Amino acid sequence: MGKIRSVNPASGELNGEFDIHSRQVIDEKIQAARKAFDEWEKEPIVERCFSIECVAEVLRDRKEELAELITTEMGKPVKESLSEIEKCAWTCDYFSQSAETFLAAEFVETDAETSGFVYEPVGVVLSIMPWNFPFWQALRFGIPALAGGNTVLLKHASNVPMCALEMENIFTEAGLPEGTYQTLLVDGPTASSLISRDEINAVSFTGSRSAGEKVAEAAGKNIKKFILELGGSDPLIVLEDADLGKVAKAAVSARFQNCGQSCIAAKRLLVDEKIAEDFTDVFADNVEKLKIGDPMDAGTDMGPLASEKQRDILGGQVERTLKMGANVVLEGGIKEGEGAYYMPVVLNDINKMAPVVTEETFGPVAPIITFKNEEEAISIANSTEFGLGASIWSRETERAMRMTRHIEAGVITINNVVASDPRLPFGGMKKSGVGRELYRTGMLEFMNIKSMKVY
């Protein structure tokens, strides 16, 4: 039987090894999920919501411990890990308070005496999740799915098995029925193969485009509902009238939070050429002030990348971009010594076909691209296969609002960084994915809408 290894990216030390689940264990967990669904869906919504609120209590009671677990396993600064746990608890609060309203029966006037529709859970949802927000990603879809009466099987990224196992423990500790939320320690191909099983009713996937294509193919072949969140190359657009100090500081957070390992990070900084020099100076100065080091230190702003593999991929993208003539504003790169550290890099004068522009860069690299006018800014922003998020910075809110109509994205923020919010739908267009998470819209993705008429 194979092993899944957990390695601390800040030190390279082994956290632990865990047995990959056997076929027998997988079968037992799937059957447990199916059995749990038969009971869980019958629970009144108010009872399910009470259970979800208990999950929030566990998260808050153990937030320091859980934050340290996240940091130990994937390397983000512990202050960011704490924020992740707090956001998960808030999301539990939101759906525990909103689910009954979201799922209320709706009546429609037709030729029948009474007609309308109700929402019922689809069944067992298989989730395949990434490592960059190990708790948030797994709960962002999981909490609304559970509140709706579904049960969940989590296949987490192979480098965060301790977080994955702890997810199941949290739901057990919160008192949810056995089998309601379970973790599978399996590889990607095995997870994809489970989509064909009759006990699995839907799939939620967050990760790379290539892996998402395989999940979509398997789900489509087996006529299963699926949600895909496949990343992005978000533009941060700075118009000439923007508050330069405010946007330059915010852009550092937008690009370098979680060491740049976020689907909604500002991966391309688009700046009006009239203010580009001033913006670049202020931005680079703020980047240099980042405290980079031990992620367990509460004062650290940026820790290591999640793995040496991730660091080497990013390094290759930057190297190929430099060979295509990019100018180095701030030189960073691989940091010598232990850990998967990569110092921030800022580039400008970049070839439009360079890897840091055309590919998704998952790390601390900031390409600055200039534009002449609003039309060119929109054209550059849309010149990517992705369409997840975007931000626009301007003192003229109406102008920025007008631009949003032409930006190809699922989430747009004006004068602030892009962030997911349980009170709003989250998802993208183009190759950034299919479907939505969060808010009522995301909750209904895993509900069957049953229309009825009474004559």
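Note that the coordinates shown come from a computational prediction; the quantities given were computed from them, not determined experimentally.

Chemist: Talk me through the sheet that holds strand β21 (residues 433-434); I want residue IDs and the actual numbers.
Modeler: Spatial strand order, β7-β6-β5-β8-β9-β21: 6 strands in an open sheet with mixed pairing. Strand pairing shows two members of the sheet lacking a second neighbour, β7 (181-184) and β21, which therefore form its edges. Taken together, the 4 bridges between strand β5 (residues 124-128) and strand β8 (residues 202-206) define a ladder with parallel strand orientation. Following the sheet pairing, Val125 is matched in β8 by Ala202. Running over the sheet, helix α5 (residues 136-147) touches β5, β6 (151-155), β7, β8 and β9 (225-229) and is turned about 165° from β6. Strands β6 and β7 of the sheet are contacted by helix α6 (residues 161-173), whose axis makes an angle of about 160° with β7.

Chemist: Hey, could you go over the packing of helix α2 (residues 45-61) against α6 for me, with residue numbers and the actual values?
Modeler: The relative placement of two packed helices is expressed as an angle between their axes plus a distance between the axes. Orientation of α2 relative to α6, taken along the N-to-C sense of each, is 120°, at an axis distance of 8 Å. One way to sum up the angle between α2 and α6 is to call them oblique. Crossing hand, α2 versus α6: right-handed. Facing Val55, Val58 and Leu59 of α2, the residues of α6 in contact are Ile170, Phe171 and Glu173. When its residues are assigned to classes, the contact of α2 with α6 shows 5 nonpolar, no polar and 1 charged.

Chemist: Quick rundown of the nonpolar core? Include the residues and the values.
Modeler: The biggest cluster of nonpolar side chains holds 66 residues, and the ones touching the most others in it are Val55, Leu59, Phe135, Leu146, Met167, Phe171 and Tyr181. Within the residue set of this core, elements represented by two or more residues are α2, α3 (63-74), α4 (78-102), β4 (114-121), α5, β6, α6 and α15 (439-444). Each residue touching Phe135, except ones within four places of it in the same chain, is listed here: Leu66, Ile70, Glu84, Ile85, Cys88, Cys163, Glu166, Met167 and Ile170. Grouped together as the second largest cluster of nonpolar side chains are 53 residues, Ala250, Ala326, Val345 and Val356 included.

Chemist: Kindly report on a negative patch on the surface, identifying the contributing residues and their values.
Modeler: A surface patch of negative charge is lined by Asp38, Glu39, Glu41, Glu43 and Glu47. Relative to the elements of secondary structure, Glu39 occurs in helix α1 (residues 23-40).

Chemist: Describe the pattern of salt bridges, and please don't skip the residues or the numbers.
Modeler: In this structure the tally under the stated criterion is 32 salt bridges. For Lys274, the salt bridge is made with Asp272, and the minimal N-O distance between the two is 3.1 Å. Relative accessible area serves as the criterion here: at 56%, Lys274 is assigned to the exposed category. Asp272 sits in the buried class, given a relative accessible area of 1%.

Chemist: Please set out the side chain of Gln261 residue by residue, giving values where relevant.
Modeler: Assignment of secondary structure puts Gln261 in the loop between α9 (244-256) and β11 (266-272). Setting aside chain neighbours within four positions, we find Gln261 in contact with Met74, Trp131, Asn132, Phe133, Pro304, Leu305, Ala306, Gln310, Phe362 and Gly363.

Chemist: Outline the packing of aromatic side chains, listing residues and values.
Modeler: Inspection of every chain in the model, using the stated rule, returns 10 aromatic pairs. Taking the centre distance of 5.2 Å and the plane angle of 85° together, the rings of Tyr94 and Phe95 count as edge-to-face. The pair Tyr94 / Phe95 is uniform in exposure class, with both members buried. Between the aromatic rings of Trp131 and Phe362, the centroid separation amounts to 5.7 Å while the plane-to-plane angle is 85°, which identifies the pairing as edge-to-face. On the criterion of sequence distance, the pair formed by Trp131 in the loop between β5 and α5 and Phe362 in the loop between α12 (355-358) and β16 (365-371) is long-range, its members being 231 residues apart. With relative accessibility at 15%, the residue Trp131 sits in the buried group. The rings of Tyr94, Phe95, Phe102 and Tyr439 are connected pair by pair, giving a single aromatic cluster. Lys87 extends its terminal NZ or CZ atom over the ring of Trp136, reaching a point 4.6 Å from the ring centre.

Chemist: Residue-level account of the sheet that holds strand β15 (residues 345-348), with values.
Modeler: Pairing in this open sheet of 7 strands is mixed, and the strands run β12-β15-β16-β11-β10-β18-β19 from one edge to the other. In this open sheet, the two edge strands, each paired with only one partner strand, are β12 (327-330) and β19 (411-414). Recorded for the sheet is a direction-independent mean angle of 25° between the axes of neighbouring strands. Alignment of β11 against β16, held across 4 bridges, turns out to be parallel. Bridging from a neighbouring strand, Leu270 pairs with Ile369 of β16.

Chemist: Could you give an account of helix α11 (residues 308-323), with specific residues and numbers?
Modeler: For α11, with 16 residues, the first-to-last C-alpha span of 22 Å sits near the 22 Å given by 1.5 Å per residue. Turning to α11, its buried residues are Gln310, Arg311, Leu314, Gly315, Gln317, Val318 and Thr321. For α11, the angular spread of buried residues about the axis comes to 160°, placing them on one side. Facing away from the buried side of α11, by more than 90 degrees, are the exposed residues Lys309 and Lys323. The inward-facing, buried residues of α11 contact β13 (333-334), β14 (342-343), β15, α12 and β16. The positive-phi residue at the C-terminal boundary of α11 is Gly325, with phi of around 100°.

Here is what the cut-offs are and how they apply
Residues numbered from 1 in each chain as written. Predicted model: local features only at pLDDT ≥ 70, side-chain atom pairs only at ≥ 80, totals over all residues. Heavy atoms only, no water. Pairing = 2+ DSSP bridges. Helix = DSSP H or I, 4+ residues; strand = E, 2+ residues; numbered from the N terminus. Contact = heavy atoms within 4.5 Å. Axes fitted to C-alpha atoms, helices over the stretch in contact; angles between N-to-C directions. Parallel < 35°, antiparallel > 145°, perpendicular 65-115°, else oblique. Left-handed = near helix turned anticlockwise from the far one by under 90°. Nonpolar A, V, L, I, M, F, W, Y, C, P; charged D, E, K, R; others polar. Core = buried A, V, L, I, M, F, W, Y, C linked by side-chain atoms within 4.5 Å. Buried < 20%, exposed > 50% of the residue type's maximum accessible area, 1.4 Å probe, protein only. Patch = residues over 30% accessible without salt bridge, like charges linked within 9 Å, V, L, I, M, F, W, Y side chains within 5 Å. Areas by Shrake-Rupley, 256 points an atom, 1.4 Å probe, with all protein chains shown as cover. Salt bridge = Lys/Arg side-chain N within 4 Å of Asp/Glu carboxyl O. Lys, Arg positive; Asp, Glu negative; His and termini not counted. Charge placed at Lys NZ, Arg CZ, Asp CG, Glu CD. Phe/Tyr/Trp six-rings, centres within 6.5 Å; stacked < 30°, edge-to-face > 60°. Lys NZ or Arg CZ within 6 Å of the ring centre and 35° of its normal. Expected span 1.5 Å × (residues − 1). Arc of directions from axis to C-beta.

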